[in-house]
Amino acid sequence: MSRKLTKEAVEPFFNDWDSLKESIEPSFQNRSRTGQQEMLNGIRLYKQLLAHCDFEIIPLNGPERLSFIEQRPANFAAFRQLDELFSEMKKGIASKRIQLKRNEQ
């Protein structure tokens, strides 16, 4: 199995996103713009995850959705999209991991 897709290799990305998400969400609930820097950090983290996976796993309409997020980092819809992209990447990586395991057998 690709070492890049092991749980140990990808879990830090998702843990970091969970931490960022916890600090971003209240800023949208309070309608303050304090979460914008964390959103930019989240976008950077997502791009690092894509690069780490060698762009093998890309969610449906991923580039278009990422572009939307980058253009509107202070928008709640962008935050939701970024959260969905992380969620879909997690599922895609798990699926790819299973596929690679089957091919090894």
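See the structure shown above.
Summarised in this report is the structure supplied together with it. Because the structure is predicted, anything quoted here is derived from the model rather than measured.

Basis of the calculations
- Residues numbered from 1 in each chain as written.
- Predicted model: local features only at pLDDT ≥ 70, side-chain atom pairs only at ≥ 80, totals over all residues.
- Heavy atoms only, no water.
- Helix = DSSP H or I, 4+ residues; strand = E, 2+ residues; numbered from the N terminus.
- Buried < 20%, exposed > 50% of the residue type's maximum accessible area, 1.4 Å probe, protein only.
- Contact = heavy atoms within 4.5 Å.
- Lys, Arg positive; Asp, Glu negative; His and termini not counted.
- Charge placed at Lys NZ, Arg CZ, Asp CG, Glu CD.
- Axes fitted to C-alpha atoms, helices over the stretch in contact; angles between N-to-C directions.
- Parallel < 35°, antiparallel > 145°, perpendicular 65-115°, else oblique.
- Left-handed = near helix turned anticlockwise from the far one by under 90°.
- Nonpolar A, V, L, I, M, F, W, Y, C, P; charged D, E, K, R; others polar.
- Core = buried A, V, L, I, M, F, W, Y, C linked by side-chain atoms within 4.5 Å.

Helix and strand counts for the protein come out as four helices and zero strands. Each of the three principal axes of the protein carries a C-alpha extent, and together these read 50 × 25 × 15 Å. Across the 105 residues that make up the protein, the buried fraction comes to 31%. By sequence separation, contacts in the protein at least 24 residues apart represent 70% of the contacts at least 6 residues apart. For the protein, the separation between the mean place of its 17 positive charges and that of its 15 negative charges on side chains is 2 Å.

Here helix α1 (residues 7-29) crosses helix α4 (residues 76-104) at 160°, and the two axes come no closer than 11 Å. As summarised for this structure, α1 and α4 are arranged roughly antiparallel, according to the angle between their axes. Considering only the axes of α1 and α4, their crossing is left-handed. Where α1 approaches α4, its residues K7, V10, E11, F13, F14, W17, K21, I24, E25 and F28 are matched on the opposing element by F76, F79, L82, D83, F86, M89, K90, I93 and R97. When its residues are assigned to classes, the contact of α1 with α4 shows 12 nonpolar, no polar and seven charged.

The nonpolar side chains of a soluble globular protein tend to be buried with one another. Counting residues in each nonpolar core, the largest one holds 25 residues, and the members touching the most others are M89 and I93. If you list the elements that add at least two residues to this core, you get α1, α2 (36-52), α3 (62-71) and α4. The contact partners of M89, leaving out residues within four places of it in the chain, are F14, Y46, L49, L50, C53, I57, I58 and P59.

Below, the discussion takes up unusual backbone geometry. With a phi angle near 55°, D54 is a residue other than glycine that sits in the positive phi range. Along the chain, the position of D54 falls in the loop between α2 and α3. Positive phi values are uncommon outside glycine, yet N61 reaches one of about 55°. Here N61 shows up in the loop between α2 and α3.

The subject of this paragraph is the packing of α2 against α4. In contact at an axis separation of 11 Å, α2 and α4 are set at 25° when each is read in the N-to-C sense. Between α2 and α4, the angle is such that the two are roughly parallel. For the pair α2 and α4, the crossing hand works out as left-handed. Note on element contacts: α4 touches α2 through A78, F79, L82, L85, F86, M89 and I93, opposite M39, G42, I43, L45, Y46, L49 and L50. Of the residues that constitute the contact of α2 with α4, the class distribution is 13 nonpolar, one polar and no charged.

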